[in-house]
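What follows is each chain in one-letter form.
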Amino acid sequence: LLFGMTANAQDKPAEVYVYSTYHSCDFSKQDRADALFEQTQKPGYEAAVKAGTISSYGWLAHQTGGKWRRADYFTAGSVQALLDAQKTMTDQEDAKAKKAFEEFGAICSSHDDYIWRRVAGNIGTVTRGGAAFSTYYVCDQTRESEADALVTQVFGPVYDKMVADGKIKSWGWNEHIVGGSYRRLATMSATDMKSLMEARADLVQALEDNVLGDTFTAICGDHADYMWEITSQNP
């Protein structure tokens with residue numbers, strides 16, 4: 001029994017929490033926001049990954065979707081680790097970085113922060129492709145655990161097979177911990193936008209053929225779709 005318990009503990013995936021910031025930006029100046037990220041925020045993220053303060057990060061550019069034009073995220077093993085990492089990186093900013101952040105704030109003047117926890121998938125453990133499709137769901141909070149079970153037990157194997165077949169690079173189903181009205185996030189990535197949309201079409205077909213698709217829609221009926229270009233990440 002003891003050996004069995006040890007094996008189960010070892011088999012349990014490590015916790016992954018994601019701190020995501022979704023930016024609303026001046027469309028005419030968003031390329032400058034990308035440059036500012038590369039010059040100031042990216043070095044801090046790279047140093048944090050190297051130090052083990054965070055496990056991964058990414059910078060996303062809007063391709064299709066709603067009001068968010070840019071997004072950045074970083075991952076760690078707990079909510080407290082995310083908050084500690086954020087404080088550490090902020091404390092290490094120099095005067096030049098602070099000035100750049102002021103310019104960035106003038107371009108991307110509002111944002112929405114979310115903290116997510118990975119429920120299923122391989123995000124935070126693999127390098128994502130260059131393009132991502134993310135769906136942000138508004139769900140019936142009394143039935144969210146039922147939606148999680150459907151994704152983990154029914155839809156998850158479909159995603160896993162697509163990874164094994166090389167159709168997608170990564171996927172994740174994440175639960176809301178802190179943030180706005182979106183309660184769940186489904187995301188997947190592929191090598192490029194063409195591959196991503198082909199994979200998306202295959203996924204929709206596979207899930208439409210599943211009778212439990214209607215049950216899921218009844219729980220998480222409202223949603224917003226975004227297509228992102230992942231322009232910077234590690235790993």
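Everything discussed here concerns the structure shown above.
The sections below set out a description of the structure shown in this document. (Residues numbered from 1 in each chain as written. Predicted model: local features only at pLDDT ≥ 70, side-chain atom pairs only at ≥ 80, totals over all residues. Heavy atoms only, no water.)

1. So, the pattern of salt bridges
Evaluated as defined, the whole model comprises 16 salt bridges. Note that Lys194 and Glu198 form a salt bridge whose closest N and O atoms lie 2.6 Å from each other. Taken together, the positions of Lys194 and Glu198, both in helix H6 (residues 193-208) and four residues apart, correspond to about one turn of that helix. On the basis of relative accessible area, Lys194 is assigned to the exposed category, the value being 61%. Taken together, the shared-partner salt bridges connect Glu15, Arg117, Glu144, Asp148, Glu175, Arg183 and Arg184 into one network. (Salt bridge = Lys/Arg side-chain N within 4 Å of Asp/Glu carboxyl O. Helix = DSSP H or I, 4+ residues; strand = E, 2+ residues; numbered from the N terminus. Buried < 20%, exposed > 50% of the residue type's maximum accessible area, 1.4 Å probe, protein only.)

2. Notes on the packing of helix H2 (residues 30-51) against helix H4 (residues 95-107)
One can describe the packing of H2 onto H4 by two numbers: an axis separation of 10 Å at closest approach and a directional angle of 155°. The orientation of H2 with respect to H4, classified from their angle, is roughly antiparallel. Between H2 and H4 the crossing geometry is left-handed. Across from Gln30, Arg32, Ala33, Leu36, Thr40 and Gln41 in H2, the residues of H4 making contact are Ala97, Ala100, Phe101, Glu103, Phe104 and Ile107. Split by residue class, the contact of H2 with H4 holds seven nonpolar, three polar and two charged. (Axes fitted to C-alpha atoms, helices over the stretch in contact; angles between N-to-C directions. Parallel < 35°, antiparallel > 145°, perpendicular 65-115°, else oblique. Left-handed = near helix turned anticlockwise from the far one by under 90°. Contact = heavy atoms within 4.5 Å. Nonpolar A, V, L, I, M, F, W, Y, C, P; charged D, E, K, R; others polar.)

3. Digging into the layout of surface pockets
Within this model, the largest pocket holds a volume of roughly 750 Å³. As for the largest pocket, its lining consists of 30 residues, and the residues nearest its centre are Gln41, Met89, Thr90, Glu93 and Phe101. At the level of secondary structure, the elements contributing two or more residues to the lining of the largest pocket comprise strand E1 (17-24), H2, strand E3 (70-76), helix H3 (79-91), H4 and strand E4 (110-121). The computed volume of the second largest pocket comes to approximately 520 Å³. Around the second largest pocket, the lining comprises 25 residues; the ones closest to its centre are Tyr137, Arg200, Leu207, Phe216 and Thr217. Where the lining of the second largest pocket is concerned, the elements lending two or more residues are strand E5 (131-138), helix H5 (144-164), strand E7 (184-190), H6, helix H7 (213-219) and strand E8 (222-234). The element best represented in the lining of the second largest pocket is H6, accounting for five residues. By residue class, the composition of the lining of the second largest pocket is 14 nonpolar, seven polar and four charged. (1 Å grid on protein atoms, 1.4 Å probe; cavity = no way out; pocket = protein on both sides within 12 Å on 5 of 7 lines; lining within 4 Å. Points joined across faces, edges and corners; volume = space filled by probe spheres on them.)

4. Here we look at the state of the cysteines
Inspection of the entire model under this criterion finds two disulfides. Residue pairing for Cys25: its cysteine sulfur links by disulfide to Cys108, the two sulfurs lying 2.1 Å apart. One disulfide, between Cys25 and Cys108, carries an S-S torsion of 100° and so falls in the right-handed class. Note that Cys25 is positioned in the loop between E1 and H2 and Cys108 in the loop between H4 and E4, a separation of 83 residues in sequence. Cys108 gets classed as buried once you look at its relative accessible area, which sits at 5%. The disulfide partner of Cys139 is Cys220, and the S-S distance across this bridge is 2.2 Å. A torsion of 105° about the S-S bond marks the disulfide between Cys139 and Cys220 as right-handed. Taken together, the positions of Cys139 in the loop between E5 and H5 and Cys220 in the loop between H7 and E8 put the pair 81 residues apart, joining distant regions of the chain. Cys220 gets classed as buried once you look at its relative accessible area, which sits at 3%. Disulfides within the protein chain link the bonded cysteines, taken in sequence order, as 1-2, 3-4. (Disulfide = S-S within 2.5 Å.)

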